[in-house]
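Coordinates in review
Given next are the chains, with one letter for each unit.
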Amino acid sequence: MMFDRRLITHLNWPLLLLVCLLAGLGIANLYSATSSWTTAALPVYLKQTYWLGLGLMIAVIICLVDYRHLEYLSFPLYATTLGLLLLVLVAGKTTMGATRWINLGGFNLQPSEIMKIVIILAFARYFSEKAHVRGLSLKELAIPGLLLGVPAGLIMKQPDLGTALLVIFIGGSMALFAGIRRSAMIWLGSGGAFAMAGGWFFLHDYQKRRILTFLNPERDPLGAGYHIIQSKIAVGSGGIRGFGFMKGTQSQLSFLPERHTDFAFSVFAEEWGFLGCLLLLFLYLLVVLWGLYIAQKAGDRFGMFIAFGVTAMLFWHIVVNLGMVIGLLPVVGAPLPLFSYGGTSMITTMIGIGLLLNVSMRRFTF
Amino acid sequence: MGLNPPPEEIPGIRRRFIIISLVATAVFVILALRLWYLQVLGVEHYRELSERNRTRYIAIDPPRGAIFDRQGQLLVDNRPSFTVSVLHQEIDGREALFERLAHLLNLDVELLETRWQAGLRLPRYRPVPLAVDVGRAAMERVQENSVDLPGIIIEVKPRRAFPQGRLAAHLLGYLGEITEQELQSGDFPGYRSGDLIGKTGLEKLLENRLHGQEGLKRIEVNVKGRELRQVTTRGPLPGHRVYLSLDTDLQQATEQAFGEQAGAAVVLDVHTGEILALVSRPTFDPARFARGISQDEWLDLLEDPQHPLQNKALRGQYPPGSTFKMVVALAALEAGVAGPETSVNCTGSFSLSPSYRYRCWKKEGHGRTDLKKAIKESCDVWFYKTGLDVGIERIADTARRLGLGETLGFPFGGERPGLIPDREWKKARFGTSWYNGETVITSIGQGFVLTTPLQLATMTAALANGGTVWKPQVVNRIENLAGEVIWSSAKEALTATEWSQRNLEVVRNAMQAVVSEPGGTAWRSRLEDLPYAGKTGTSQVIRRKSDEEEELEEEADIVPYRFRDHALFVAYAPADDPQIAVAVVVEHGEHGSSAAAPIAKAMIGNYFQRDAAENLARAERR
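Predicted, not measured: the structure shown is a model, and the values here were computed from it.

Turning next to the overall build of chain A. Looking only at helices and strands, chain A has 14 helices and three strands in total. Split into buried and exposed, the 366 residues of chain A put 53% on the buried side. If you take every contact in chain A between residues at least 6 apart in sequence, the share linking residues at least 24 apart comes to 71%.

Set out below in structure tokens:
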């Protein structure tokens, strides 16, 4: 396919700028969060900048290929990723009690992250064909149920509750969006409740502890509750205006754990206060609404579902992460897109952004 | 491509997007509200928590005040002590760490583990002490290997040091950890669990003077409790300096003169009541307490039959024996019952009635004996007779005026009152009347009479100074850091009796004869060029033995230690211008003249005949 000059003019510049603005804030925040670290290795904020650069390149490359080609690739991609997830179980690399990675010689591939994107593609393919006005019946939901349940189960077995939940949230949102019959909803609702009750017994001890601790952090202030308590202290002590850049004591004195990854937002909240947080929330909300707008304006249903799926992915990451660091949700380990340090998260997010841009720029071309 | 219709054409899709956008916005509003709750409403609460997170208040122990003798010679000071502790948060691989540390310190791994477990109740940021007061060499070993000992730190704290070793241990006393009851008693405001306080002696008496004021260090720490910077510091204020009336040289000479013998000795300034030396033997090593005494060491000290922890100069109650004879002589002279020339023919025994016969220590008798000879050669018969003539009431009254029978107000150490018996006492104690035989044995300081070495020295001082019983003092003055005197002792007369100076002179002359005339019981302990006055005493631990028993013992030549007589000696010097009064009790020393008098001689000799050269050398050393 030849490069189409019109694509530049149709590129969704506001979204791209919004993303770069958020990523820039994130990098500045990482600079502050890790300023007390003295290691010879590359500083975290620089590494994140490289990841951002790589991510942008990937997003651009994704833009070059018409997303409609993906319609045929969706299921093969899904099957491949599922295979990788199985491979993880067999030959994965184990760190800190979890087996999530496949070592590809110096580079660790995390198939569960890929699954977040691939489930979007697979569901988009399925729903773009099957969705109809009356909504999906329970029988029609069987296939997407399997498509979602198998990888989610595999991920949970790694164990990685956070990613598994996110995959389920993404798929679930797409299914809801596609439309589900009322009777099917009732069945699913009651079935889900049973599953949750039953699932409690299959949770790992540390997972149970996290949930119990979420319900009452003071239960174990130096152990499992430590993260939540320290994060709330950081956020709360920020006040309206915050301590100022690089001046948050919770983060600068290392009381905040994992402050460059999952708890990066707490650093921001401590240093920039309520006003800074409102601005950040507003920017994220803009991204979400923009994504929904792109979905609405997509050229076809496949594009719409892709755009919606990507938006749901961003939305759930944002909500689960923020909910966690401000003590509304249990600590499940979800990164804040564009803000938390991590190559995997950055690449996944930028693939999503690339897809959004792709759908957006081709809304008029049939 | 694009086989399916565009979304715009799906019925109701616009409504669906509007609803979803609203729901997403609502979720963000919830997040914002939560942030508002935390950051706007909760800011003060969380700021406080944050503050508490990163700041620690750490008390700095003040250096305890030093104690000096009357010439400014150091008796008790502080030394740095090194405690090896571990920081909770930085510990990683405890077993291997303790293994290495135990090897370096030559300690049991189990011991470290026990201390670690005990320290878990401390706040997380407080280091857990693993080995207390390890000594410089061990400290340096730990420091050299600090790379292999992550989380191990060395804390430096002041600890009591005793440059004079065991000198005057009973007076100085020792420290111990404050107990829970003491903490709760309210007597120790500002003290915390783990603080050291004076448990005995001067350390206890002057606790609030010596303790000083603890400093406070406000530090900012990181999550590992590692100190990042000191925010503010209030320096500790060292305790006050205490100057005693003690004379280190004299104290030293006295302790040495005792050798292995048990007993006590006191030296007083006759004109002020200042204590120049106060010795109780055997003694203990106060440094062991400073180090933290072990249960075994403590039990050893407690169960020692010679009671090393007991301050016998204050708490030892001994029958005064013949040292009591001055009291009887003075009572007789004052009452006019006897005069200097009153003489008795001593045949070796005195019969109160045909069935009650009291022996003189000298079996063959002293022959014709007047007052001077009776004291000089310690004739018992003269005193049996004179005592009977004077009567117990006047003897008791004279004894009390000389400072016997009641505590002298020594401020610590649990001073005992001794006992001066009289009719009233006996009635109250036994419900029976007083017997003449009891007056007889009281006249030679036996029977019910009990005195402490401190009382004997006080009595001797009163005889020497003309009749004033000065309250014994041991602290001369207390200075603050700036060297200003914030307290100084004032001499205080407990009783001042207007004795006839002539009568006193008679008694004193006789006491001088004891030492400086051939035939005197302490003649062998005289000092050339330094005439002094004294009186020997031998007091029975149990009743006076019968002739038969005594002969048996002489044959066997063994009397069990605990049944041997106590040896006593009191003295003042110089004879013509009394400066100091001395009392010496050697437990089970058998004879005052052979066991106690030589010690007094060494003491007096030390005090008055210090070589000029030696004085010079001492001045230079200081």
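That was the structure; now back to the text.
The next thing to look at is the environment of Gly467 of chain B. All names here are of chain B. Inspection of the secondary structure assignment puts Gly467 in the loop between helix H20 (453-465) and strand S17 (468-470). A C-alpha to C-alpha distance of 9.0 Å links Gly467 and Gln501, two positions 34 residues apart in sequence. Apart from residues lying up to four places away in sequence, Gly467 is in contact with Ala462, Ala496, Thr497, Glu498 and Trp499.

Turning our attention to the sheet that holds strand S11 (residues 263-269) of chain B. All names here are of chain B. Spatially, S12-S11-S23-S22-S21 is the arrangement adopted by the five strands of the open sheet, whose pairing is antiparallel. The sheet terminates laterally at strand S12 (275-281) and strand S21 (533-539), the two strands that pair on one side only. Neighbouring strand axes in the sheet, compared pairwise and without regard to direction, differ in orientation by 5 degrees on average. With seven bridges joining them, S21 and strand S22 (residues 566-573) adopt antiparallel strand pairing. For Gly534, the partnering residue across the bridge sits in S22 and is Ala571. Set on the sheet, helix H23 (residues 592-608) makes contact with S11, S12, S21, S22 and strand S23 (580-586); between it and S22 the angle comes to about 30 degrees.

Right, let's get into the pairing of strand S19 (residues 485-488) of chain B. All names here are of chain B. Strand direction decides the pairing type here: strand S18 (residues 475-479) and S19, joined by three bridges, are antiparallel. Looking at S19, one finds that Ile478 is bridged to Trp487. Two successive antiparallel strands, S18 and S19, enclose a turn made up of five residues, where Gly483 displays a positive phi of approximately 85 degrees.

Residue and element names in this part refer to chain B. Judged by how many residues are buried, S11 sits mostly within the fold: seven of seven residues are covered. On S11, burial covers both faces: Gly263, Ala265, Val267 and Asp269 on one face and Ala264, Val266 and Leu268 on the other are all buried. In sequence, S11 turns back onto S12 through a hairpin of five residues, with Gly273 there showing a positive phi of about 85 degrees. The pairing of S11 with S23 spans seven bridges and is classified as antiparallel. Each residue of the ladder has a partner; that of Gly263, found in S23, is Val586.

Each partner contributes to the interface: chain A provides 40 residues, whereas chain B provides 34 residues. Breaking the side of chain A that touches chain B down by element, the ones donating at least two residues are helix H5 (111-130), helix H10 (226-237), helix H11 (249-252), helix H12 (264-296) and helix H13 (301-325) of chain A. The dominant element in the side of chain A that touches chain B, judged by the number of residues it contributes, is H12 of chain A, at 11 residues. Of the residues assigned to the side of chain A that touches chain B, the class counts are 24 nonpolar, 11 polar and five charged.

Time to look at H12 of chain A. Residue and element names in this part refer to chain A. Given a rise of 1.5 Å per residue, 33 residues ought to cover 48 Å, yet the end C-alpha atoms of H12 are separated by just 32 Å, more than 12% below that figure. The sharpest bend along H12 reaches about 125 degrees and sits at Gly273. In terms of residue burial, H12 counts as a mostly covered element, since 24 of its 33 residues are buried.

So, about helix H17 (residues 392-401) of chain B. All names here are of chain B. The buried fraction of H17 is high, at seven of 10 residues. Within H17, the full set of buried residues consists of Ile392, Arg394, Ile395, Ala396, Thr398, Ala399 and Arg401. Residues of H17 that are buried sit in contact with helix H14 (325-335), helix H16 (380-390), helix H18 (423-430), helix H19 (436-442) and strand S20 (493-496). Of the residues one or two after H17, Gly403 is the one with positive phi, at around 95 degrees.

Cut-offs applied
Residues numbered from 1 in each chain as written. Chains lettered and ligands numbered in written order. Predicted model: local features only at pLDDT ≥ 70, side-chain atom pairs only at ≥ 80, totals over all residues. Helix = DSSP H or I, 4+ residues; strand = E, 2+ residues; numbered from the N terminus. Buried ≥ 20, exposed ≤ 12 C-beta atoms within 10 Å, placed from the backbone. Contact = placed C-beta atoms within 7 Å. Pairing = 2+ DSSP bridges. Axes fitted to C-alpha atoms, helices over the stretch in contact; angles between N-to-C directions. Nonpolar A, V, L, I, M, F, W, Y, C, P; charged D, E, K, R; others polar. Expected span 1.5 Å × (residues − 1). Bend = angle between axes of the 7 residues up to and from the residue.

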